[in-house]
Amino acid sequence: LTLKPLVDNAVENVAIEHFHDYCVVCALHNPLAELPDLTLYNFFSFPHAVYQSDALPVLAEGKRNTILPELNSARSRRIGYRTDSINGLISAVENSSCIAVLPYRLARFFQIQKKYSIALLALPEELKFSSQTLYANWYRKNRHLADVKEIVAMMQKIASFRKW
């Protein structure tokens, strides 16, 4: 799964999900969970848990954020936790003072279906995120191609019917 389709003749890809709305996720015991509105000051004051996998470009110190360019600012986020596991990210947020920015539907899934003790907060008004698409990529000559396509079709169907 990647945020951009892989460009290779040997690789096939398909869009799984389109993320339009984002939110800030924090633990229910985090003081931010009690606030009616999240300010930029609050957003930049707390350490951030961030998801990074080998499929996504890793940001070197001092480089601009290419995954979420809206966070390029004179202020910088304090990264408190990095992981390549979305479950690890949610668990770190639930059990620490870290916050994370996630697509709303994904965060809601972890809150409702997985029953994590997390609060979902609206982003500060000053932060706007562009929509992103999640892609599934696989080698065309994969010996499990039928299974891969079945799983991808199931993921697309689930994404289209989710109402969180």
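Note that the structure is predicted; figures quoted are calculated from it, not measured.

1. So, the overall build of the protein
Alright, step 1. The helix and strand inventory of the protein stands at four helices and seven strands.
Alright, step 2. Listing the helices and strands of the protein from first to last along the sequence gives β-β-α-β-β-α-β-α-β-β-α.
Alright, step 3. Here the protein holds 164 residues, and the buried ones make up 38% of them.
Alright, step 4. A sequence separation of at least 24 residues applies to 77% of the contacts in the protein between residues at least 6 apart.

2. Thoughts on the sheet that holds strand β2 (residues 22-27)
Paired through backbone hydrogen bonds, the strands of a sheet run either parallel or antiparallel to each other.
Alright, step 1. The antiparallel open sheet is built from three strands, whose spatial order is β5-β2-β6. Edge positions in the sheet fall to β5 (100-103) and β6 (118-122), since each has one partner strand and no second. Here the average twist between neighbouring strands, direction ignored, is 40°.
Alright, step 2. Inspection of the sheet shows β2 paired to β6 by five bridges, in the antiparallel sense. When the bridges of β6 are listed, Cys-23 appears paired with Ala-122.
Alright, step 3. Where helix α2 (residues 86-94) meets the sheet, its contacts fall on β2, β5 and β6, and the angle it forms with β5 comes to roughly 130°.
Alright, step 4. Where helix α3 (residues 104-112) meets the sheet, its contacts fall on β2, β5 and β6, and the angle it forms with β6 comes to roughly 155°.

3. Focus on the nonpolar core
Alright, step 1. In terms of nonpolar packing, the biggest core is built from 17 residues, with Val-24, Leu-32, Phe-43, Ile-99, Val-101 and Leu-123 touching the most fellow members.
Alright, step 2. Every element with two or more residues in this core is listed here: β2, α1 (40-45) and β6.
Alright, step 3. If you tally residues by element for this core, the top one is β2, at three residues.
Alright, step 4. In contact with Ile-99, not counting residues within four places along its chain, are Val-24, Val-25, Cys-26, Asn-30, Leu-32, Phe-43, Phe-46, Pro-47, His-48, Ala-49 and Val-93.
Alright, step 5. Grouped together as the second largest cluster of nonpolar side chains are 13 residues, Leu-89, Val-93, Ala-100 and Ile-118 included.

4. Remarks on α2
Alright, step 1. Among the residues making up α2, those that are buried are Gly-88, Leu-89, Ile-90, Ala-92, Val-93 and Glu-94.
Alright, step 2. Where the residues of α2 are buried, they touch β2, β3 (48-51), β4 (79-83), β5, α3 and β6.
Alright, step 3. In this structure Ser-85 caps α2, since a side-chain oxygen of it lies 3.4 Å from the backbone nitrogen of Asn-87.

5. Digging into the confidence of the model for the protein
Alright, step 1. Mean pLDDT over the protein stands at 83; residues scoring 70 or higher make up 84%.
Alright, step 2. Mean pLDDT per element in the protein: helix α4 (residues 145-161) is the minimum at 82, and β6 is the maximum at 97.

6. Things to note about the environment of Asn-137
Alright, step 1. One can find Asn-137 in strand β7 (residues 132-139).
Alright, step 2. Expressed as a C-alpha distance, the spacing of Asn-137 and Val-7, which sit 130 residues apart in the sequence, is 9.7 Å.
Alright, step 3. Beyond its immediate sequence surroundings of up to four residues, Asn-137 is in contact with Thr-2, Lys-4, Pro-5, Leu-6, Val-11, Glu-12 and Asn-13.

7. Considering the packing of aromatic side chains
Alright, step 1. What the rule picks out here adds up to four aromatic pairs.
Alright, step 2. With centroids separated by 5.2 Å and ring planes inclined at 35°, the aromatic side chains of Tyr-22 and Phe-129 adopt a geometry described as tilted. In this pair, Tyr-22 sits in strand β2 while Phe-129 sits in the loop between β6 and β7, placing the two residues 107 residues apart along the sequence.
Alright, step 3. According to the relative accessible area criterion, Tyr-22 is buried, its value standing at 12%.

8. Re a nonpolar patch on the surface
Alright, step 1. Side chains of Ile-151, Met-154 and Ile-158 sit close together on the surface and give an oily, nonpolar patch of about 280 Å² of accessible area.
Alright, step 2. Look at Ile-158 and you get partly exposed, because its relative accessible area is 44%.

Analysis parameters
- Note that residues are indexed from 1 along each chain, following the sequence as it is written.
- Only residues with pLDDT of 70 or above have their local features reported here, since the model is predicted, and side-chain atom pairs are shown and tallied only from 80 upward, although totals for entire chains, interfaces and linings are computed over all residues.
- Side-chain figures throughout are based on the complete set of non-hydrogen atoms in the structure, without hydrogens or water.
- Elements are defined by DSSP. Helices are runs of H or I of four residues or more, strands are runs of E of two residues or more, and each kind is numbered from the N terminus.
- Think of it in three bands: with a 1.4 Å probe and only protein chains considered, a residue is buried below 20% of the maximum accessible area for its type, exposed above 50%, and partly exposed in between.
- Only heavy atoms matter for contacts: two residues are in contact if any of them lie within 4.5 Å across the pair.
- One bridge is not enough; two strands pair if DSSP finds at least two bridges between them.
- Structural elements are reduced to axes, namely lines fitted to C-alpha atoms, with helices fitted over the stretch in contact, and the angle between N-to-C directions of any two is expressed from 0 to 180 degrees.
- By convention a nonpolar core is built from buried Ala, Val, Leu, Ile, Met, Phe, Trp, Tyr and Cys residues, the set being connected through side-chain atoms within 4.5 Å.
- Polar contact is the term for a pair of N or O atoms within 3.5 Å; when the atoms are in protein, one must be able to donate a hydrogen and the other to accept it, and sequence-neighboring residues count only if both atoms are side-chain atoms.
- How sure the predictor is of each residue is captured by pLDDT, a score from 0 to 100.
- Pairs were defined over the aromatic rings of Phe, Tyr and Trp, the Trp ring being its six-membered one, requiring ring centres within 6.5 Å. Orientation was assigned from the angle between planes: stacked under 30 degrees, edge-to-face over 60, tilted for the rest.
- Grouping into patches uses exposed residues only, defined as over 30% relative accessible area, and leaves out salt-bridged ones; the cut-off is 9 Å for like charges and 5 Å for nonpolar side chains (Val, Leu, Ile, Met, Phe, Trp, Tyr).
- Only the protein chains shown count as cover for residues, with accessible areas throughout obtained via the Shrake-Rupley method and a probe of 1.4 Å.
- A pairing counts as a salt bridge when a side-chain nitrogen of Lys or Arg comes within 4 Å of a carboxyl oxygen of Asp or Glu.

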